[in-house]
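Structural characterization, general
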Amino acid sequence: MVIGRDIIPIHIIDTYTQFPVSGGGGGGTITLATKMTGGLNNCCQVGFYSPASGAQDYSYSNGVEMGGNSTLGTATSPTRTTQEFDISCSSLLSAYTAAGHSSFVIIIGGYMRHTGSSISSPSWQDHVAGSVYGVEVISASLSNSCTLGVAGRTQDTYSTTQDCTNLSTSNTSAAKGIYDYTGGTGSGATMWEFVFGSGRGASSHPVAGDDMTFRVHASATVDGSAVSIKHDIIINFVT
Amino acid sequence: MSRIAVNIPEGTSGDFEIAHYTNETTDKQWQIYLQSKKESHSNYCVLTTTTCPQPIMQDSEGEYREHQWLWNNATGDVFIGGLGIGLCNAVLISNPNITSITIIENSQDVIDLVWPHCLKDDRFNLIHANIETWIPPQDSQWDIMWFDTWCSDNPLSMQEYKDLMINKYSIHCSNIGFWGSLPPNLNG
């Protein structure tokens, strides 16, 4: 685990702790949580989903990370909450061996909680520069020619709802966290896609020590005031 | 995106084969490659070996992109590790800023399959040697060195290979690049 000097580790279970959010003057704020009630606050659901036909599941990430394996914290510049967890390279390899896909997509989900009396216009799709929906790649250190790209298979149905906690594995279900997986064609309707390295004799995989950091931008209007939040998801590849 | 198609005839020599694949070639590993690189062309020239499940080189858009460091930096005396399908020849031959191009290739089979057919002029010089053990002539210096001899059947990891090449050749050049070494293309 790597904790920067500006990160304060915290472990919060079923507790509703507020961190500063930008905008607004009414005092109401938003946070991201794994469930509507219970679960973990200041934490998102994260899964690596195989998009190809057959064997559609989250085996690439050994299931959906619900925060149980995450270290939660905060950081500054910009003010944000942080969530850091490990992914086993051996699990990744096992999933690849079983499925033989060229890529998987990174699914992020959660529930947008608030402290006011009302919330409107929830959005997980702030199109900040370099982001896909509201998800920005802050850094990606990937070995063996593995890359992050974008996959265009979604539409905007869920990214403007408060509850994006359904990370379904069903082929017929459209909900995949903040993404609608039914195959949208709108501009910006994409997800981050991890692509295995290839080109020199075999597909190749990340190694222990590689990492990826995504920043989730979310916003809403709480009690009439616009508020927003940033949440970093730091994924470390380990043996 | 750019792509340079090469014209090497099909053939087999030892463990190596030059084959002409299409986007419909029914080889699972080839299809995985096409998907991973988001390739859209119909015809490709590929180099395969029996020791690797996927082709070890192809004239694809992804391949061109993975050579971008070389395209950007090639000037003066250029050193190339790996002949492959002669893709570097096809691009560098039109670069007037290059004085000489020294290519090291370990496999005589690859040389037999490709060298007679790839583009070249009197600036090109081919050496049959293993880049991991070859001893350059004393005081040899190049303006840039490009290393593209690692394949998945190499017992070294890609990073170990890179470290070895840097340690071995940095006294001969201060500008060293590797296949696929550009940062990820975050815009797909």
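A brief look at the structure comes next. (Residues numbered from 1 in each chain as written. Chains lettered and ligands numbered in written order. Predicted model: local features only at pLDDT ≥ 70, side-chain atom pairs only at ≥ 80, totals over all residues. Heavy atoms only, no water.)

1. With respect to the overall build of chain B
Each helix and strand in chain B was counted, giving 6 helices and 9 strands. A globule of 188 residues ought to have a C-alpha radius of gyration of about 16 Å, and chain B, at 16 Å, matches this closely. Taken over the C-alpha atoms alone, chain B extends approximately 50 × 40 × 35 Å along its principal axes. For chain B, the exposed surface amounts to about 8700 Å²; the carbon and sulfur share of it is 47%. Averaging the positions of the 9 positive and the 23 negative side-chain charges in chain B gives two centres separated by 7 Å. (Helix = DSSP H or I, 4+ residues; strand = E, 2+ residues; numbered from the N terminus. Rg over C-alpha atoms; globule rule 2.2 N^0.38 Å. Areas by Shrake-Rupley, 256 points an atom, 1.4 Å probe, with all protein chains shown as cover. Lys, Arg positive; Asp, Glu negative; His and termini not counted. Charge placed at Lys NZ, Arg CZ, Asp CG, Glu CD.)

2. Focus on the layout of surface pockets
Residue and element names in this part refer to chain B. What the second largest pocket holds in volume is close to 510 Å³. Together, 26 residues line the second largest pocket, and Phe16, Glu105, Asn106, Thr149 and Cys151 are the ones closest to its centre. If you list the elements that add at least two residues to the lining of the second largest pocket, you get strand E3 (43-49) and strand E6 (98-105). Residues of the lining of the second largest pocket, tallied by class, amount to 11 nonpolar, 9 polar and 6 charged. (1 Å grid on protein atoms, 1.4 Å probe; cavity = no way out; pocket = protein on both sides within 12 Å on 5 of 7 lines; lining within 4 Å. Points joined across faces, edges and corners; volume = space filled by probe spheres on them. Nonpolar A, V, L, I, M, F, W, Y, C, P; charged D, E, K, R; others polar.)

3. What about unusual backbone geometry?
Peptide bonds are, in most cases, trans, and in most cases residues other than glycine have a negative phi. The linkage connecting Ser77(A) with the following residue, Pro78(A), adopts the cis geometry, with an omega of 0°. Residue position: Pro78(A) is located in the loop between strand E4 (71-75) and strand E5 (80-88).

4. Notes on the pattern of salt bridges
Close approach of charged atoms lets side chains of opposite charge pair. Per the counting criterion, the structure on display carries 8 salt bridges over all chains. Asp232(A) is paired through a salt bridge with Arg215(A); the nearest N and O atoms lie 2.6 Å apart. Highlighted residues: Asp232(A) in strand E16 (residues 225-238) and Arg215(A) in strand E15 (residues 211-222), separated in sequence by 17 residues. Judged by its relative accessible area of 3%, Asp232(A) falls in the buried class. The exposure class assigned to Arg215(A) is buried, which follows from its relative accessible area of 11%. Between Glu66(B) and Lys37(B) there is a salt bridge whose closest N-O contact spans 2.5 Å. You can see Glu66(B) sitting in helix H2 (residues 61-66) and its partner Lys37(B) sitting in helix H1 (residues 28-37), a full 29 residues away along the chain. (Salt bridge = Lys/Arg side-chain N within 4 Å of Asp/Glu carboxyl O. Buried < 20%, exposed > 50% of the residue type's maximum accessible area, 1.4 Å probe, protein only.)

5. So, empty space enclosed by the protein
To locate leftover empty space, one rolls a probe as large as a water molecule over the atoms. All names here are of chain B. Going through the model one piece at a time under the given rule, you end up with 2 cavities of 30 Å³ or more. What the largest cavity holds in volume is close to 60 Å³. The element best represented in the lining of the largest cavity is helix H6 (residues 158-169), accounting for 3 residues. Considering only residue class, the lining of the largest cavity consists of 6 nonpolar, 1 polar and 2 charged.

6. Concerning the interface of chain B and chain A
The partner chain A presents 22 residues to the 30 residues of chain B that form the contact. Taking both partners together, chain B and chain A bury about 1900 Å²; carbon and sulfur atoms supply 50% of that area. On inspection of chain B and its partner chain A, the count reaches 3 salt bridges. In this structure, the connection of chain B to chain A is made through 13 residue pairs in polar contact (both at pLDDT 80 or more). Secondary structure elements with two or more residues in the side of chain B that touches chain A: H1, strand E4 (57-58) and H2 of chain B. Sort the elements by how many residues they give to the side of chain B that touches chain A and H1(B) lands first, with 7 residues. Here the residues of the side of chain B that touches chain A are counted per class, giving 13 nonpolar, 11 polar and 6 charged. (Contact = heavy atoms within 4.5 Å. Buried area = accessible area lost by both parts, 1.4 Å probe. Polar contact = N/O pair within 3.5 Å; in protein donor to acceptor, adjacent residues only side chain to side chain.)

7. Focus on the sheet that holds strand E2 (residues 16-22) of chain B
Residue and element names in this part refer to chain B. Taken together, the 4 strands give an open sheet; going across it, the order is E1-E2-E3-E4, and neighbouring strands pair in antiparallel fashion. Single-partner strands in this sheet number two, and they are strand E1 (11-13) and E4. Across 2 bridges, the pairing between E3 and E4 is antiparallel. Its bridge partner being in E4, Leu47 is matched across the sheet by Met57. (Pairing = 2+ DSSP bridges.)

8. Some details on the pairing of E15(A)
Residue and element names in this part refer to chain A. Burial analysis of E15 places 10 of its 12 residues in the buried class, which makes it a mostly covered element. Alignment of strand E7 (residues 119-123) against E15, held across 3 bridges, turns out to be antiparallel. Residue pairing across strands places Ser123 opposite Ser219, the latter belonging to E15. Taken together, the 6 bridges between strand E9 (residues 135-141) and E15 define a ladder with antiparallel strand orientation. Each residue of the ladder has a partner; that of Val137, found in E15, is Phe214. Sheet topology places E15 next to E16; 12 bridges connect them, and they run antiparallel.

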